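Chain residues, written in single-letter form:
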Amino acid sequence: MSAAVPLPAVRPPRARRAGAIGMLVSTGPPGIASAMVIAIATVVALVGPLLAPFNPVLPNLALAFVGPTGGHLLGYDFEGRDVLSRLLAGAQSSMLGPLAVVVGAMLVGVLFAVISAWRRGAVDAVISSGLDILFAFPGILLAVLAAAVFGAGLWAAAISLAIAYMPYVARVLRGAALKERSQPYVAALEVQGASATSICLRHIVPNIMPLIVAQATILFGYAMVDLAAVSFLGLGVQPPAANWGVMISENQGGIPQGYPLPALAAGACIVAVVIAFNVLGERLFEQAQARR
Amino acid sequence: MSSGSAGGSVSAVTALSADRAGSGAPLLDVDALTVHLQVEGVERAVLSDVSLTVSPGEALGLVGESGSGKSMTARAIDRLLPRGARVSGQIRFDGADVQALSSAGLRDYRNKVAMIFQDPRAHVNPVRRIGDFMTEALRTNLGVAPGEATQRAADMLAQVGIEDGRRRLRQYPHELSGGMLQRVMIAAALLTEPRLLLADEPTTALDVTTQAEVMAILDDLRRDLGLAMIFITHDLELAAAICDRTAVMYAGQIVEVRESALMHDDPLHPYSAALAAARPDIAQTAHRLAAIPGRPLSAFEAPEDECAFAPRCPHAADVCRAARPELISLAGGLSRCARAVELRGALRTQPAGAG
Amino acid sequence: MRLAFIGRRLAMLVASLAVASFVIFGALYLAPGNPIAALSGGRSLPPSSLRILEARYHLNQPFLVQYWYWLDNALHGNLGISITLRENVTTLIASRAWTTAGLVLYASVIILALGIGMGIAGGLRPGLLDTSVLVTSAISAAIPAFVAAIALVALFAVKLRWFPALGNGTDLLSNVRHLTLPAFALGLSSLAIVARVTRSAIREEAGREHVQTAISRGIPRRQLVRRHILRNAAIPITTISGITIASLIAVDAVVETAFSLNGLGAYLVTSAQDKDLAVVQGISLVLVTAFVVINVAVDLAYAVLDPRVALGSRAT
């Protein structure tokens with residue numbers, strides 16, 4: 001109710017902290033906690049196979065679905081492999097795929113957003129309409145189509161998702177780029193003879209960078225979910241390669257038999273990392289909006 | 001004179017009864033109103049010992065800078081305070097305690113007291129037609145039939161200077177200009193035949209030429225219909241022009257109440273004098289515009305134990321810093337200046353930059 | 001004028017579908033090898049079959065002509081022949097479409113009833129109810145459908161035995177039972193998103209100045225909520241509901257696979273694995289059409305609800 005009743009200002013605005021660390025710290029405890037989860041996941045993705053105490057790939061059917069015993073904290077999966085080791089090894093493809101999707105979608109999305117904002121007028125109208133039309137393809141559908149055409153695999157899926165996400169990124173960033181484009185300093189630079197490319201690269205893009213980072217963070221969460229889904233469907237990463245989405249699919253059979261742990265453990269990893277990216281991304285987004 | 005006691009209501013009542021005695025039973029009687037709000041988790045005072053009266057058919061101007069509490073006073077009177085507000089003191093309308101009203105009584109009160117807000121575009125529902133907006137209260141509270149309500153609305157639109165009322169009633173708010181929308185708001189407020197109008201800076205959000213038009217319409221209609229009005233503004237001259245009496249607020253407190261005609265030449269409080277002097281006079285040359293040094297205080301920043309205006313006051317003395325001054329009755333008005341009696345006559349506005 | 005908006009949106013619908021169908025058809029040529037290889041999915045076929053394929057797809061004609069024939073056929077309900085089952089794709093789709101439609105409908109009902117319901121409850125009443133809505137929705141929003149699927153099966157099907165774990169069911173009643181867990185799995189994260197957006201939309205509207213105007217005129221609380229808060233909040237609520245329901249179409253494939261339902265989504269996946277391109281194209285066309293149609297319906301609803309809309313697409 002307080003929005004409609006003008007209340008007196010209580011204290012002067014907090015001094016802004018510059019820099020990436022400052023941006024992170026000002027997202028508050030949830031943001032920092034999320035960043036830590038993401039950092040852990042990244043480290044595991046990088047060195048996971050080295051950390052794994054047992055072989056994540058070699059099957060030993062005699063031990064299928066045995067519960068947590070001995071050094072096996074999470075028990076064995078449907079082919080008798082140590083679940084924890086497979087989770088650690090699976091972090092790599094589970095994190096790498098979304099990274100590729102985000103990099104692809106953001107690069108092309110920023111490109112279209114900036115071109116659209118810079119040229120404005122007819123070019124903007126054409127690009128915007130084109131992007132609106134591209135919205136027709138939900139990510140997973142495109143990935144399935146790609147798998148049917150090119151065969152199952154991580155790269156086909158990642159590229160399809162990048163293509164499907166790109167219009168969304170471009171639309172969000174276009175608004176911010178347009179606002180930036182209309183700033184007086186841009187006109188001043190143009191008058192001084194600076195080239196379009198240099199203004200865009202050296203001024204416009206850096207000024208919308210907080211929004212870009214926030215968008216990328218949120219997008220990572222979505223990409224992770226969609227890629228894991230595609231792998232779950234058997235159209236992404238192929239078994240016996242370790243991957244969290246694949247692990248859920250493989251160990252599904254254990255649930256009716258009373259051994260839900262392997263599948264649920266993989267699911268929990270996905271959920272934890274996705275929540276971290278969502279929380280951090282949302283806070284960064286709010287901050288980026290507040291600054292404008 | 002004032003004993004400097006913390007409980008202000010006794011002296012204020014004595015002062016006000018002198019004020020009331022002259023004008024007959026007041027329509028609205030606000031007595032020692034104090035409001036505390038929860039601001040970011042801490043309770044803060046936004047209004048402090050506010051007392052004023054409005055007689056039937058009388059226009060009272062309520063003047064102050066941002067944060068002085070003038071809007072908050074109107075909201076308190078109209079019971080529009082946010083959740084968690086703590087109110088002490090009394091508000092009486094036609095003898096009845098406003099705070100104690102509920103459901104039917106409250107609805108009846110809301111029909112009799114109409115508020116006009118500052119930014120018409122924000123205060124009118126954008127997804128409903130003008131006709132719906134104007135007739136909603138009539139149909140819901142007073143049970144008027146839709147056809148009849150629409151007719152009354154169209155007639156009222158004509159009174160505020162909007163031709164072709166029927167067509168306008170079918171339009172949406174975004175199709176009307178700001179000035180027109182404010183006239184619609186005024187018309188809507190008058191439809192329930194209120195007895196008191198609370199106008200919260202009705203023209204501030206409009207451009208200058210539209211301001212004058214809307215002001216004229218409001219003033220004329222008010223007088224024609226014999227409505228009482230509390231007119232809130234930051235412009236002392238504007239209040240003086242259309243209101244019989246003017247009240248000045250500072251830091252959530254009433255600091256002066258005076259007949260408008262006397263306010264300019266014989267103010268009773270240094271702040272009112274300073275406000276009047278700060279306005280540039282087109283007939284004089286000034287080398288420097290007079291401004292009040294420092295910045296206006298909000299109610300919760302005002303100290304409990306001294307005059308809130310003392311830090312900025314050119315006439316401040318030790319007595320001003322000894323205790324919070326009471327409202328005293330003086331020359332037919334009220335003043336919250338500890339030195340009001342001795343400064344009487346010496347506060348008259350000097351031409352800016354003279355000497 | 002609103003008519004201009006509606007016209008523009010419908011034009012975009014047609015353009016979207018044209019582009020989408022072009023891409024779906026063009027996939028044939030993107031595949032490694034020649035179109036024949038793609039259509040046969042790498043199987044070796046007798047020459048008579050190859051000739052039939054060539055004639056059916058007009059493979060000796062220019063690309064655009066082929067596209068036209070394919071599209072024309074599709075619009076008349078002829079989507080080709082499945083290479084694995086040797087049956088009409090349209091027939092195969094029709095028999096499975098009901099399951100998918102039922103599942104999406106069921107999930108939509110859950111999303112709208114529970115999501116909007118919880119959002120309104122939390123938005124209108126600050127306090128414990130609101131906080132619990134916020135917390136649970138924050139967590140649920142991040143749970144992907146297939147994780148929700150296995151969790152729900154583990155808890156409600158295996159441990160508690162309230163619902164069956166797999167399959168379709170036989171008559172209407174058992175269908176509903178069988179589709180309940182899948183519908184919740186499908187709708188869970190969307191439900192959470194809708195609840196959050198609804199809640200914040202209600203909050204925002206309740207704090208708006210025009211609501212203060214209505215209060216100051218003594219409009220009774222129930223009418224105030226209905227005519228000024230809910231009515232105005234309906235705009236963002238409808239938008240987010242529409243968007244999330246449209247997104248169900250893609251995720252539905254995952255849920256159908258997880259629960260072994262014989263719907264369009266599961267069939268799409270198996271055909272992709274089998275490289276039965278005609279089926280993949282046919283189902284893709286149906287699903288993309290549904291997706292685009294729902295999105296356009298949302299835009300149109302937005303235009304109806306918000307009289308300020310003149311041109312352009314809805315605000316994101």
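Being a predicted model, the structure only gives us computed values, none of them experimental.

Draft legend 1. View of the overall build of chain A. Of the regular secondary structure elements, chain A holds eleven helices and zero strands. Its C-alpha atoms put chain A at 75 × 55 × 40 Å along the principal axes. In chain A, which comprises 292 residues, the proportion classed as buried is 50%. For chain A, restricting intrachain contacts to residue pairs at least 6 apart in sequence, the fraction spanning at least 24 positions comes to 69%.

Draft legend 2. How the structure looks around the overall build of chain B. Along the backbone of chain B there are 14 helices and twelve strands. For 355 residues, the compact-globule formula gives about 20 Å, and the C-alpha radius of gyration of chain B, at 21 Å, lands near that figure. With respect to the three principal axes, the spread of C-alpha positions in chain B is 65 × 50 × 45 Å. A burial count over chain B gives 46% of its 355 residues as buried.

Draft legend 3. Spatial organisation of the confidence of the model for chain B. All names here are of chain B. On average, chain B scores 84 in pLDDT, and the residues at 70 or more come to 91%. For residues 1–13, every residue scores under 50 in pLDDT, and the model assigns this stretch 17 contacts once sequence neighbours within four places are set aside. A low-confidence stretch, residues 18–22 (pLDDT under 50), is modelled with six contacts involving residues beyond four sequence positions or located in other chains. Confidence estimates for the predicted assembly give a pTM of 0.80 and an ipTM of 0.83.

Draft legend 4. Layout of the interface of chain C and chain A. Facing the 48 residues of chain C at the interface are 40 residues of chain A. Of all the elements in the fold, those that place two or more residues in the side of chain C that touches chain A are α1 (2–30), α7 (145–159), α9 (209–216), α10 (221–258), α11 (264–274) and α12 (277–305) of chain C. Considering every element that reaches the side of chain C that touches chain A, the biggest residue donor is α1(C), with eight residues. Class assignment of the residues belonging to the side of chain C that touches chain A gives a composition of 35 nonpolar, ten polar and three charged.

Draft legend 5. Examining the sheet that holds strand β10 (residues 253–259) of chain B more closely. Residues and elements named next belong to chain B. Taken together, eight strands build an open sheet; the order of strands is β6-β7-β8-β3-β9-β10-β12-β11 and the sheet is mixed. Each edge of the open sheet carries a strand with a single partner, namely β6 (113–116) and β11 (328–330). With strand direction ignored, the average angle separating the axes of adjacent strands in the sheet is 25 degrees. Where β6 lies against strand β7 (residues 196–200), four bridges are found, and the strand directions are parallel. Along β7, the bridge assignment pairs Ala 114 with Leu 197.

Draft legend 6. Summary view of the pairing of β7(B). Residue and element names in this part refer to chain B. Buried residues dominate β7, accounting for five of its five residues. Here β7 runs beside strand β8 (residues 228–233); their pairing, made up of five bridges, is parallel. In the strand pairing of β8, Leu 196 is matched with Ala 228. Since β7 and β8 lie parallel, the crossover through helix α9 (residues 208–225) that links them has a hand, and here it is right-handed.

Draft legend 7. View of helix α8 (residues 178–191) of chain B. Residues and elements named next belong to chain B. When the terminal C-alpha atoms of α8 are compared, their 20 Å separation across 14 residues agrees well with the 20 Å that a helix rising 1.5 Å per residue should span. Across the 14 residues of α8, 13 count as buried, placing the element largely inside the fold. Phi for Glu 193, located one or two positions after α8, is positive at around 50 degrees.

Draft legend 8. The arrangement of the confidence of the model for chain A in detail. Per-chain confidence: chain A averages 84 in pLDDT, with 93% of residues scoring 70 or above. Low pLDDT (under 50) marks residues 7–17 of chain A, which in the prediction has eleven contacts with non-local residues, meaning those over four places away or in another chain.

Draft legend 9. Representation of the packing of helix α5 (residues 130–141) of chain B against helix α6 (residues 146–159) of chain B within the structure. Residues and elements named next belong to chain B. In contact at an axis separation of 9 Å, α5 and α6 are set at 120 degrees when each is read in the N-to-C sense. For the element pair α5 / α6, the angle class is oblique. In the packing of α5 onto α6, the handedness of the crossing is right-handed. Residues Gly 131, Met 134, Thr 135, Leu 138 and Arg 139 of α5 pack against Pro 146, Ala 149, Thr 150, Arg 152 and Ala 153 of α6. In terms of residue class, the contact of α5 with α6 is built from five nonpolar, three polar and two charged.

Draft legend 10. Fine view of the sheet that holds strand β1 (residues 28–39) of chain B. An order of β2-β1-β4-β5 (chain B) is seen for the four strands of this open sheet, with the pairing classed as antiparallel. What marks the edges here is a single partner per strand, and that holds for β2 (42–54) and β5 (96–97) of chain B.

Draft legend 11. Geometry of unusual backbone geometry. Of note, the bond from Pro239(A) into Pro240(A) is cis; its omega dihedral lies within 30 degrees of zero at 10 degrees. Examined against the element boundaries, Pro240(A) turns out to sit in the loop between α9 (209–232) and α10 (244–251). Positive phi is not limited to glycine here, since Ser103(B) has a value of about 35 degrees. Along the chain, Ser103(B) turns up in helix α3 (residues 103–112). With a phi angle near 55 degrees, Lys275(C) is a residue other than glycine that sits in the positive phi range. Its location among the elements puts Lys275(C) in the loop between α11 and α12.

Draft legend 12. Region of the structure containing helix α2 (residues 70–77) of chain B. Residues and elements named next belong to chain B. Of all eight residues in α2, eight are buried, a share of seventy percent or more. Within α2, burial applies to Lys 70, Ser 71, Met 72, Thr 73, Ala 74, Arg 75, Ala 76 and Ile 77. Where α2 ends, the next residue or the one after it, Arg 79, has phi of about 55 degrees, a positive value.

Draft legend 13. Quick peek at the environment of Glu304(B). All names here are of chain B. With respect to the helices and strands, the residue Glu 304 is situated in the loop between α12 (270–278) and α13 (318–322). With 10 C-beta atoms counted inside 10 Å, the residue Glu 304 sits in the exposed group. Separated by 136 residues in the primary sequence, Glu 304 and Arg 168 have C-alpha atoms spaced 52 Å apart.

Draft legend 14. Spatial organisation of the pairing of strand β9 (residues 245–250) of chain B. Residue and element names in this part refer to chain B. For β9, a buried count of six out of six residues is recorded, marking the element as mostly surrounded by other parts of the structure. Because side chains alternate across β9, one face comprises the buried residues Arg 245, Ala 247 and Met 249, and the other comprises Thr 246, Val 248 and Tyr 250, equally buried. Summarising the sheet, strand β3 (residues 59–63) and β9 pair through four bridges and their orientation is parallel. Among the inter-strand pairings, Val 63 is bridged to a residue of β9, identified as Val 248.

Draft legend 15. Fine view of the nonpolar core. By size, the foremost hydrophobic cluster in this structure holds 292 residues, and its most contacted members are Val144(A), Ala157(A), Leu173(A), Ala149(C) and Ile150(C). In terms of residue count, the dominant contributor to this core is α10(C) (17 residues). Excluding residues that lie within four positions of it along the chain, Ala157(A) makes contacts with Ala143(A), Ala146(A), Ala147(A), Leu227(A), Val230(A), Leu235(A) and Gly236(A).

Draft legend 16. Up close: the packing of helix α8 (residues 172–206) of chain C against α10(C). Residue and element names in this part refer to chain C. For the pair α8 and α10, interaxial distance at closest approach is 9 Å and the crossing angle is 160 degrees. Taken together, the axes of α8 and α10 lie roughly antiparallel to each other. Taken as a pair, α8 and α10 cross one another with a handedness that is right-handed. In terms of residue class, the contact of α8 with α10 is built from 17 nonpolar, six polar and two charged.

Draft legend 17. Highlighting the environment of Ser271(C). Secondary-structure assignment places Ser271(C) in helix α11. On the neighbour-count criterion, Ser271(C) (27 C-beta atoms within 10 Å) is buried. Distance from Ser271(C) to Ile283(C), taken between C-alpha atoms, is 9.7 Å for residues twelve residues apart in sequence. Setting aside residues up to four positions removed in sequence, Ser271(C) forms contacts with Ala148(A), Asp276(C), Val279(C) and Val280(C).

Draft legend 18. Structural detail: the environment of Asn168(C). Residues and elements named next belong to chain C. Mapped onto the fold, Asn 168 is located in the loop between α7 and α8. Since 20 C-beta atoms lie within 10 Å of it, Asn 168 is described here as buried. Sequence-wise, Asn 168 and Leu 179 are eleven residues apart; in three dimensions their C-alpha atoms are separated by 7.2 Å.

Rules used throughout
- Residues numbered from 1 in each chain as written.
- Chains lettered and ligands numbered in written order.
- Predicted model: local features only at pLDDT ≥ 70, side-chain atom pairs only at ≥ 80, totals over all residues.
- Helix = DSSP H or I, 4+ residues; strand = E, 2+ residues; numbered from the N terminus.
- Buried ≥ 20, exposed ≤ 12 C-beta atoms within 10 Å, placed from the backbone.
- Contact = placed C-beta atoms within 7 Å.
- Rg over C-alpha atoms; globule rule 2.2 N^0.38 Å.
- pLDDT = per-residue confidence, 0-100.
- Nonpolar A, V, L, I, M, F, W, Y, C, P; charged D, E, K, R; others polar.
- Pairing = 2+ DSSP bridges.
- Axes fitted to C-alpha atoms, helices over the stretch in contact; angles between N-to-C directions.
- Right-handed = clockwise from strand over helix to strand, strands pointing away.
- Expected span 1.5 Å × (residues − 1).
- Parallel < 35°, antiparallel > 145°, perpendicular 65-115°, else oblique.
- Left-handed = near helix turned anticlockwise from the far one by under 90°.
- Core = buried A, V, L, I, M, F, W, Y, C linked by C-beta atoms within 7 Å.

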